[in-house]
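Each chain, letter by letter, is given below.
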Amino acid sequence: MSQSIAAHPDRLLPADPGVREVARELLAKVQDLPIISPHGHIDAAMLVDDLPFPDPTALLVSPDHYVTRLVHASGISLDHLRVAGGTAVDSRTAWRNFCAAWHLFDGTASGYWLRSEFEHVFGLPPNQIDTLGADNADEVYDALLSTLAQAEFRPRQLFQRFGVEVLATTDDPLDTLEAHQLLAKDPGFAGRVLPTFRPDAYIDIDHPGWNQRVDRLIAEASDGLGGYAGYLRALENRRQFFAERGAVSADHGVRTPLTLRLDAAEAAELFEKARRGEATSRDRDVFEAHMLHRMAGMSIEDGLVMTIHPGSHRNHHTPTFATYGADTGHDIPFAIDYTAGIRPLLEDFGTAKDFHLVLYTLDETVFSRELAPLAGFYPAVYLGSPWWFLDAPDAMLRFRSAVTETAGFSRTSGFVDDTRAFCSIPARHDAARRIEAAFLARLVAEHRITESRAHELILDIVDRAPRRVFKL
């Protein structure tokens, strides 16, 4: 039996033999450490219910927009991949469509993760993976279906097998967090599953149903206050509710990193204008920027780490959004301005004691020009790892090369998998650890750091940094 490239011990390590040997030793230091995942999109209820995954398509294809978007680009309708909202085909047919497009994933990050899942999670033989296509789609489907029926492939068993110690979810501010509480009280469940406060749908006045959401927010959590004051009180109360139930961070998937400091009267007037349905697109941007500033102030008060994920043009293709909804593969990055945009927030809170602000980007042109200098001055600022379109081997290497000479290693916050694809979690963290080993090995080979120091650094990057930055 030939060896799959997904099983090669030197995958993603440097090609130069001498540098590769250093990288191997560094990787060995962290390869088996537990997974700390402080940002992701797994549903906590999945671990509470612990039901068998229904089939390979529902687990590996339909929910993963990394996968469906590339197959869609080849001319296959999302209907034929059984994405939420599509009913054109059954699960097996959708799987056949995916397998027929398998060759499209050569060289992609998602292809790398899928190969690793097939090999290391599900035990598919290398020849099946290498020849995956229309001819053996049914054979692989049946093999995976049989595997998923086994008790050790239920969510909780996989959680334990993957070595996950901390898994953060992303949650609506009005979520009851019942699933998180059940897991926290369950003596048979090992690990921490933490909620994350995600208020985007209550801050972006263009978000579908914003007014109705605000109605409910004020009705349920404002302590009887109305209007803008009640809106702020309700957000504060719900943040506290999350913190009391284990949350360590509040995440903001904003359009841009623009922040503004409005006085209370101006903000209240803008809020009421939005409530009447009279706000312009400019009003939307101003209100979101102001609320991002207010969220930072709330983090000062309640201690939640603030993370910002800007720079995505959400739902770029309106017909696809109308049919299938959000998070179905057509969010597209655009250029952003961090230096000017984030300044009002940092003027007020950038040196505040114990405030942790983790900045992410989909625009890698800001790595060295803006983000590294910001993190290299402001005590509050940490650099979030490359995410989404940038959480790929070459992009992660570019990130390290771009930011380290200015910000060093101490201003980064560790890797986040940012995934809805549960079984890809170990593959993504393994890839990140290999890239960190490769980068540090190059610095050792170039006599820029000592090998002993590199061994200390990789432990900090992989394990200590996320614990420290996310207050774990």
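Quick notes on the rules
Residues numbered from 1 in each chain as written. Predicted model: local features only at pLDDT ≥ 70, side-chain atom pairs only at ≥ 80, totals over all residues. Heavy atoms only, no water. Salt bridge = Lys/Arg side-chain N within 4 Å of Asp/Glu carboxyl O. Helix = DSSP H or I, 4+ residues; strand = E, 2+ residues; numbered from the N terminus. Buried < 20%, exposed > 50% of the residue type's maximum accessible area, 1.4 Å probe, protein only. Pairing = 2+ DSSP bridges. Axes fitted to C-alpha atoms, helices over the stretch in contact; angles between N-to-C directions. Contact = heavy atoms within 4.5 Å. 1 Å grid on protein atoms, 1.4 Å probe; cavity = no way out; pocket = protein on both sides within 12 Å on 5 of 7 lines; lining within 4 Å. Points joined across faces, edges and corners; volume = space filled by probe spheres on them. Nonpolar A, V, L, I, M, F, W, Y, C, P; charged D, E, K, R; others polar.

For the structure on display, the rule yields 39 salt bridges. Between Asp 331 and Arg 314 there is a salt bridge; the shortest N-O distance is 3.6 Å. On the criterion of sequence distance, the pair formed by Asp 331 in the loop between helix H16 (318-324) and strand E7 (332-333) and Arg 314 in the loop between strand E6 (312-313) and H16 is long-range, its members being 17 residues apart. Of the residues examined, Asp 331 reaches a relative accessible area of 3% and is grouped as buried. Between Arg 420 and Asp 327 there is a salt bridge, and its shortest N-O distance comes to 3.2 Å. With Arg 420 in the loop between helix H20 (393-407) and helix H21 (425-445) and Asp 327 in the loop between H16 and E7, this pair connects stretches of sequence that are 93 residues apart. Since its relative accessible area comes to 30%, Asp 327 is described here as partly exposed. Salt bridges sharing common partners tie together Asp 10, Arg 20, Glu 21 and Arg 24.

A few words now on the sheet that holds strand E3 (residues 192-194). Hydrogen bonding along the main chain pairs the strands of a sheet, whether they run parallel or antiparallel. Overall, parallel pairing links the three strands, which are arranged E1-E2-E3 in an open sheet. Each edge of the open sheet is held by one strand with a lone partner, namely strand E1 (35-37) and E3. Averaged over neighbouring strand pairs, the angle between their axes works out to 10° when direction is ignored. Here E1 runs beside strand E2 (residues 164-168); their pairing, made up of three bridges, is parallel. Its bridge partner lying in E2, Ile 36 is registered against Val 166.

This paragraph deals with unusual backbone geometry. Positive phi is not limited to glycine here, since Leu 177 has a value of about 60°. Looking at the element boundaries, Leu 177 is found in the loop between E2 and helix H10 (178-185). Judged by its relative accessible area of 0%, Leu 177 falls in the buried class. Positive phi, normally seen in glycine, also occurs at Trp 388, with a value near 55°. Looking at where Trp 388 falls in the secondary structure, it is placed in the loop between strand E9 (381-383) and H20.

Moving on, we come to the sheet that holds strand E5 (residues 305-308). Spatially, four strands are ordered E4-E5-E8-E9 in an open sheet, and the strand pairing comes out parallel. Looking at which strands have only one partner, the edges of the open sheet turn out to be strand E4 (249-252) and E9. Each neighbouring strand pair of the sheet contributes to a mean axis angle of 25°, computed without reference to strand direction. Pairing between E5 and strand E8 (residues 357-359): three bridges, direction parallel. By the bridge assignment, Met 306 is partnered in E8 with Leu 357. Along the sheet face, helix H15 (residues 281-302) touches E4 and E5 and points at about 155° away from the line of E5.

This part is about empty space enclosed by the protein. According to the stated counting rule, one finds two cavities of 30 Å³ or more in the structure shown. Lining the largest cavity are 20 residues, and of these Gly 414, Phe 415, Ala 432, Glu 436 and Ile 461 sit closest to its centre. Listed by contribution, the elements that provide at least two residues to the lining of the largest cavity are H20, H21 and helix H22 (451-469). Broken down by class, the residue content of the lining of the largest cavity amounts to eleven nonpolar, six polar and three charged. Taken together, Pro 63, Asp 64, His 65, Tyr 66, Asp 418, Thr 419, Arg 420, Ala 421 and Arg 428 make up the full set of residues lining the second largest cavity. Taken together, the residues that form the lining of the second largest cavity break down as three nonpolar, two polar and four charged.

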